[in-house]
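# What the coordinates show
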Amino acid sequence: MNRLKWLLPAYRRAQEKDMKEELESLAAMAEPGELGNLTRVAEEARAVWGWMFLEQLCRDLQYAFRTLRHNPGFTVTAVLSLALGIGANTAIFSLIDAVMLRWLPVRDPQQLVQLKLVSARAAAHPVDTLSYAIAIALADRKDIFSNVCGFNAATFDVGPSSSVNRVQGAWVSGGYYDTLGLNPAEGRLLGPDDDRPGAPLVAVIGYGYWERQFAGNPDAVGQSMRVNGVPVTIVGVSPRGFTGANVGVVADVTVAIATVPQLAPAAAGLLGPGNFWLHVLARPSVSIPQASARLAAAWPQISDQVISTAWPAERRKEMAESTFDLAPGGTGYTYLRERFKKPLMVLMGVTALVLLIACANVASLLLARATARQREISVRLAIGAGRGRIIRQLLTESTLLSLLGAALGVWLAWLTSSFLLRILSGGGGSPSIVFDLAPNWHILAFTCAVSIANGVLFGLVPAFQTTAIGGAAMVKDGDRITRSRSRLLSSLVSVQVALSLLLLVGAGLFLRTLTNLLNVDPGFRREGVLLVDLDGQREGYRDARLTAFYKDLLDRVQRLPGVTSASISSHTPQSGATWSEAVVPKGQTLPEGDNAIFIAAGPSFLPLCRRR
Amino acid sequence: MDLLQGTLDMLVLRTLLLAPLHGYGIAKAIRSNSSEALDIEFGSLYPALKRLELKGWIAAKWETSEHNRRVRFYRLTPAGRKQLQREHSKWADFVSAVGQIMGPVSEEGKS
């Protein structure tokens with residue numbers, strides 16, 4: 001309590017005046033020089049008082065700001081280096097976290113397993129999609145799994161035919177929400193009864209979609225909306241934060257798989273036993289090894305019922321002999337994981353190196369500057385500054401520098417994250433990937449801690465070295481410590497140059513590969529060829545009207561001024577989608593595992609693509 | 001002669017037990033009372049005074065000295081008196097304990 005009054009400026013001034021008078025009176029009594037350095041005595045006496053800390057901090061901060069402002073080159077370089085290290089690391093790690101590490105916002109995600117089928121022939125490549133029949137059959141085995149569900153992403157055309165919106169969604173089996181253990185935000189979620197042939201057409205909408213399209217109005221439940229042209233009743237809203245088990249694809253509209261024949265007649269085949277298209281998540285009712293063992297015992301029997309009887313006996317036998325891999329499933333599924341795991345790891349490694357370089361850079365900057373400041377520190381020591389006081393001031397300065405770098409780094413992390421996401425999404429056509437990419441606070445804290453510790457550590461080296469020698473000696477001769485420090489400095493510089501060179505060569509090679517890819521010869525004409533992507537079926541045309549629609553479209557395009565030639569085709573080169581089927585001339589046997597790639601196209605398709 | 005760590009506070013308190021003194025006076029008193037053996041540096045003494053004052057063991061007051069000069073006199077407070085007693089007994093224990101180990105100064109010890 002008593003100490004608090006020291007915070008009052010008036011009280012402090014009175015104390016200060018008292019001390020000054022006292023020291024003067026004592027000095028008048030003593031022999032000249034007998035009392036030693038009185039400035040220093042006063043300084044140490046002040047340190048006894050509690051308020052000194054706060055006041056000195058204020059003064060140190062002011063001084064540090066001034067010093068940094070007077071050395072803009074140094075400040076900018078150091079702050080930018082730190083910001084780059086912190087920003088890049090945080091961005092990459094946030095992405096890795098979102099794609100690979102983050103749990104789904106569901107009940108006990110660590111209990112969930114994803115089922116993968118491992119066949120003897122391709123043991124290294126487990127199949128992570130299963131058929132609808134398998135998902136349904138496994139859901140009945142309560143002795144193994146308390147819940148099983150299958151799901152996959154889909155796109156739906158939602159709205160009346162006058163204003164159709166393409167919306168991301170999901171097909172899910174009846175056990176989907178039970179398996180995830182979710183509670184509705186409004187209404188109810190889908191259950192097993194919704195996933196039966198002939199069940200009423202119902203849908204669950206996502207929380208974000210509910211807020212965007214229905215302004216979060218509870219009346220949305222019970223309303224009807226047109227999905228692919230068919231009226232569907234909204235029965236509920238999924239909880240906030242949950243965007244589907246397909247990580248990166250926000251499921252705005254979720255419907256039961258049993259409704260595929262009504263909602264997407266062209267895809268009705270998905271329900272067949274030969275179609276392996278569902279990702280399967282399960283919650284074991286026993287321990288994972290136990291569930292694994294029971295599933296292995298039960299599978300030959302199950303497979304007999306769920307594997308297509310149209311398949312050759314050999315394939316059926318192979319399926320029956322396959323085993324299941326119960327992989328952790330709490331992070332959901334995303335194709336991005338398979339595809340970007342390696343690049344992301346490489347990026348992480350590279351950015352870790354960048355952080356290292358940034359730290360080395362800042363360290364050498366601080367060391368180099370220390371040489372320049374030796375004289376300043378010596379003079380301050382000589383005129384009575386305490387050693388601790390000088391160290392504290394340098395500490396404040398390097399902490400301030402590091403904090404500035406960290407702040408800029410956080411900002412950079414935000415920017416980089418969204419930029420990386422755009423790269424992942426692959427630009428225009430493909431459905432956008434949506435992640436919550438708020439910088440990961442753990443990694444942010446970690447990188448900030450590393451760079452601040454680094455700044456403080458190397459900010460202190462000059463403080464200790466210079467002050468250890470003592471004032472007067474230093475003013476005369478600054479050579480000695482410069483030499484020992486320059487060894488540290490030169491090794492830092494070599495490490496930095498080595499690492500930078502490594503990164504530079506790596507980045508150069510990457511860039512070269514990238515430009516090569518952009519200029520690669522696709523084997524067909526690219527100049528002056530334009531592509532229109534249109535699906536008449538989605539617009540409601542069927543059968544003869546569909547054919548007429550395409551014919552009319554082609555005619556109209558050909559009549560456009562400037563169009564020399566036009567053709568329709570089912571697929572286009574390099575679109576990524578292919579249509580492949582096993583085919584041989586009549587009379588020969590079908591080769592195993594060798595399919596031909598098909599394109600259905602109009603007569604002018606080949607001349608159009610051919611080079612002149 | 002160098003001071004043992006932590007004994008300065010005790011010496012100051014003991015010196016003020018006799019009479020209130022100003023800062024320079026305390027230094028002189030310690031020197032003369034120890035037959036010139038202990039020469040306290042003013043740079044250590046003055047912060048020690050501030051420390052003791054803050055702890056409430058000594059109190060200061062501006063007075064006029066015998067040479068008709070305004071000086072700040074320090075005197076022992078009741079709390080300081082108690083503290084001195086504690087330190088004194090601790091010191092006695094310490095001296096006797098060290099004495100038991102070292103024994104009387106012998107001939108070989110002197111060499």
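The shown structure was predicted, so the numbers you read here are calculated from the model rather than taken from an experiment.

On to the sheet that holds strand E1 (residues 21-22) of chain B, then. Residue and element names in this part refer to chain B. The strand order across the open sheet built from three strands is E1-E3-E2, with neighbouring strands paired in antiparallel fashion. In this open sheet, the two strands that pair with only one neighbour each are E1 and strand E2 (58-64). Pairing of E2 with strand E3 (residues 70-76), which is carried by seven bridges, proceeds in the antiparallel orientation. Across the sheet, the residue bridging to Trp62 is Arg72, located in E3.

A separate point is the nonpolar core. Residue and element names in this part refer to chain A. Membership of the largest hydrophobic core comes to 68 residues, with the highest contact counts inside it found for Ala135, Val172, Ala203, Val227 and Val253. Apart from the residues within four sequence positions on either side, Ala135 is in contact with Leu130, Val148, Cys149, Gly150, Ser173, Leu278 and Val280. By size, the runner-up hydrophobic cluster in this structure holds 36 residues, among which are Ile86, Leu344, Leu367 and Ala406.

Looking now at the pairing of strand E9 (residues 279-284) of chain A. All names here are of chain A. Extensive coverage of E9 is indicated by the burial of six of its six residues. The pairing of strand E1 (residues 113-118) with E9 spans three bridges and is classified as antiparallel. For Leu115, the partnering residue across the bridge sits in E9 and is Val280. In terms of strand pairing, strand E2 (residues 145-158) meets E9 through six bridges, oriented antiparallel. Residue Phe151 lies in a different strand from E9, and its bridge partner there is His279.

Turning our attention to helix H9 (residues 288-306) of chain A. Between the first and last C-alpha of H9(A) there are merely 23 Å, a value that for 19 residues lags more than 12% behind the 27 Å anticipated at 1.5 Å per step. Along H9(A), the residues that are buried comprise Ala291(A), Leu295(A), Trp299(A) and Ser303(A).

Residue and element names in this part refer to chain B. At their nearest, the axes of helix H1 (residues 7-18) and helix H4 (residues 78-102) sit 10 Å apart, and the two run at 120 degrees to each other. As judged from the angle between their axes, H1 and H4 are oblique. Remark: the crossing between H1 and H4 carries left-handed chirality. Where H1 approaches H4, its residues Met10, Leu13, Arg14 and Leu17 are matched on the opposing element by Gly80, Gln83, Leu84, Glu87 and Trp91.

Cut-offs used in this document
Every chain is numbered independently, its residues counted from 1 as its sequence is written. Chains carry letters and ligands carry numbers; both start at the beginning, A for chains and 1 for ligands, and go up in the order they are written. Restriction of local features to residues with pLDDT of at least 70 applies here, the model being predicted, together with a cutoff of 80 or more for giving and counting side-chain atom pairs; totals for whole chains, interfaces and linings are based on all residues. Two strands are counted as paired when DSSP detects at least two bridges linking them. By definition, any uninterrupted DSSP run of H or I lasting at least four residues is a helix, any uninterrupted run of E lasting at least two residues is a strand, and each is numbered from the N terminus. Residues enter a nonpolar core if they are buried, belong to Ala, Val, Leu, Ile, Met, Phe, Trp, Tyr or Cys, and are joined to the set through C-beta atoms within 7 Å. With C-beta atoms placed from the backbone, a residue is buried if 20 or more other C-beta atoms are within 10 Å of its own, exposed if 12 or fewer are, and partly exposed between those counts. Distance between backbone-placed C-beta atoms decides contact: two residues are in contact if it is within 7 Å. Here a helix's expected span is defined as the number of its residues, less one, multiplied by 1.5 Å. Orientation is described by lines fitted to C-alpha atoms, with helices fitted over the stretch in contact, and by angles between N-to-C directions that extend from 0 to 180 degrees. What sets the label is the angle itself: under 35 degrees gives roughly parallel, over 145 gives roughly antiparallel, 65 to 115 gives roughly perpendicular, and the rest give oblique. Crossings are sorted by hand: turned counterclockwise from the far helix by less than a right angle, the near helix makes the crossing left-handed, and turned clockwise it makes it right-handed.

The values are spatial; any link to function lies outside them.
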